[in-house]
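Coordinate analysis (summary)
As a plain string of letters, each chain reads:
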Amino acid sequence: VHSDPVAVSATVQNLPAGDTSNALLMNIAQNWAVIDPRAAIKWAQALPVEAEKDLAVAIATESWADSDPRAAVEFAWKLVPTELRQRATLAAFERWAMQDPEEAFEKVAKSADRLLQEQGIARVLTACASVCPDIASGWVEALPIGSIRDSAIGAYLEAASAWHPAAAVRLAVKTADTVARQ
């Protein structure tokens, strides 16, 4: 793939449709995005089968996020609001959180898309709660009281409770969600 992704993809697209060709296309998207994410995404967006196209764009965006999560998030946010946008954006935030959790959290917390905000906060917290539990719990506590905060507490509890039970207990008593409190 690294030498000529266009030629490899043309060969794969001539294979009979099925799991093997689909897996190869996704491999191309992932590996090409490591080298040239914009070209990989442009190629993925031109795939003829909608399901393959969406999956390849998401996988290329996820791969891009490993090297430049900010750019991957900005790209994904510009996609039409669909499941593809959600998947690509959340994956990019998760990878961003592994590199710069504070910046990723600040960005996702400001999202105007409520579902993306809630799920993105959960992804960021899951990625960093076991590594920096005190910092992550502070972010959660700073969220306004409501369903997004309760969801964030749930994600934090799930990610940090095994390794940092004291921090998890402190947050659990602050949620309105009785299940999470228990």
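So, here's what we can say about the structure. (Residues numbered from 1 in each chain as written. Predicted model: local features only at pLDDT ≥ 70, side-chain atom pairs only at ≥ 80, totals over all residues. Heavy atoms only, no water.)

**Description of the overall build of the chain**
Worth spelling out the cut-off: Segments assigned H or I by DSSP are reported as helices when at least four residues long, segments assigned E as strands when at least two residues long, and all are numbered from the N terminus. Only protein chains enter the accessibility calculation, which uses a 1.4 Å probe; a residue is then buried when its area is under 20% of its type maximum, exposed when over 50%, and partly exposed in between. Here, two residues are considered to be in contact whenever any of their heavy atoms come within 4.5 Å of each other. In short, Shrake-Rupley with a 1.4 Å probe defines the accessible areas, and a residue's cover is counted only from the protein chains shown.
Within the chain one finds 12 helices and 0 strands. When the helices and strands of the chain are placed in sequence order, the string is α-α-α-α-α-α-α-α-α-α-α-α. Expressed as a percentage of its 182 residues, the buried residues of the chain come to 46%. For the chain, long-range pairs separated by at least 24 residues make up 50% of all intrachain contacts whose partners lie at least 6 apart in sequence. Accessible surface computed for the chain: about 9,400 Å², of which carbon and sulfur atoms make up 55%.

**Brief notes about the packing of helix 5 (residues 69-77) against helix 6 (residues 83-99)**
Selection criterion: Axes here mean lines fitted to C-alpha atoms, for a helix over just the part in contact, with angles spanning 0 to 180 degrees between N-to-C directions. Note that the term roughly parallel is reserved for angles under 35 degrees, roughly antiparallel for angles over 145, roughly perpendicular for angles of 65 to 115, and oblique for everything else. What makes a crossing left-handed is the near helix being turned counterclockwise from the far one by less than a right angle; a clockwise turn instead makes it right-handed.
Look at helix 5 against helix 6: their axes get within 9 Å of each other, and the N-to-C directions meet at 160°. When the axis of helix 5 is compared with that of helix 6, the two are roughly antiparallel. For the pair helix 5 and helix 6, the crossing hand works out as left-handed. Between helix 5, through Pro 69, Arg 70, Ala 72, Val 73, Ala 76 and Trp 77, and helix 6, the contact on the second element is made entirely by Arg 85, Ala 88, Thr 89, Ala 92, Phe 93, Arg 95, Trp 96 and Gln 99.

**With respect to the pattern of salt bridges**
Worth spelling out the cut-off: Salt bridge, as applied in this entry: a Lys or Arg side-chain nitrogen positioned within 4 Å of an Asp or Glu carboxyl oxygen.
In this structure the tally under the stated criterion is 8 salt bridges. In this structure, Lys 53 engages Glu 50 in a salt bridge whose closest nitrogen and oxygen atoms are separated by 3.5 Å. In this pair, Lys 53 and Glu 50 are both assigned in helix 4 (residues 50-67), 3 residues apart and thus about one turn of the helix distant. The class for Glu 50 is partly exposed, based on a relative accessible area of 48%. One network of salt bridges, in which partners are shared, links Arg 70, Asp 100 and Glu 103.

**Considerations on the nonpolar core**
To keep it simple, the criterion reads: What we call a nonpolar core is a set of buried Ala, Val, Leu, Ile, Met, Phe, Trp, Tyr and Cys residues that are connected through their side-chain atoms within 4.5 Å.
In this structure, Trp 43, Phe 93, Ile 121, Val 124, Leu 125 and Tyr 156 are the most contacted members of the largest nonpolar core, which totals 58 residues. The contacts of Ile 121, once residues within four sequence positions are left out, are Phe 105, Val 108, Ala 109, Leu 116, Leu 143, Ile 148 and Ala 152.

**Some words on the side chain of Gln 117**
Secondary-structure assignment places Gln 117 in helix 8 (residues 114-128). Judged by relative accessible area, Gln 117 falls into the buried class, the value being 13%. Non-local contacts of Gln 117, meaning those with residues more than four positions away in its chain, are made with Val 108, Ala 109, Lys 110, Ser 111 and Ile 148.

**Looking at the packing of aromatic side chains**
To keep things clear, this is the line we draw: Here is the rule: rings of Phe, Tyr and Trp (six-membered ring for Trp) pair when centre to centre is within 6.5 Å. Planes less than 30 degrees apart are stacked, more than 60 are edge-to-face, and the remainder are tilted.
Inspection of the entire model under this criterion finds 5 aromatic pairs. Seen in terms of ring centroids, Trp 77 and Phe 93 are 5.6 Å apart; in terms of plane orientation they differ by 75°. Their pairing is edge-to-face. A residue pair is termed long-range when its members are at least 10 positions apart, and Trp 77 in helix 5 and Phe 93 in helix 6 qualify at 16 residues. Summarising the burial analysis for this pair, Trp 77 and Phe 93 share the class buried. For the pair Phe 105 and Trp 139, a centre-to-centre distance of 5.0 Å together with 20° between the ring planes defines the contact as stacked. With Phe 105 in helix 7 (residues 101-109) and Trp 139 in helix 9 (residues 133-142), this pair connects stretches of sequence that are 34 residues apart. Accessibility assignment for this pair places Phe 105 and Trp 139 in one class, buried. Chaining the aromatic ring pairs together yields one cluster made of Trp 77, Phe 93 and Trp 96.

**Quick look at the packing of helix 9 against helix 10 (residues 147-160)**
As a reminder of what qualifies: Classification used: nonpolar for Ala, Val, Leu, Ile, Met, Phe, Trp, Tyr, Cys and Pro, charged for Asp, Glu, Lys and Arg, polar for all others including Gly.
Where helix 9 meets helix 10, the axes come as close as 9 Å, and the angle between the chain directions of the two elements is 165°. Judged by the angle between their axes, helix 9 and helix 10 are roughly antiparallel. Pair helix 9 / helix 10 crosses with left-handed handedness. From helix 9, Pro 133, Asp 134, Ala 136, Ser 137, Val 140 and Glu 141 reach across to helix 10, where they touch Arg 149, Ala 152, Ile 153 and Tyr 156. Here the contact of helix 9 with helix 10 is built from residues that sort into 6 nonpolar, 1 polar and 3 charged.

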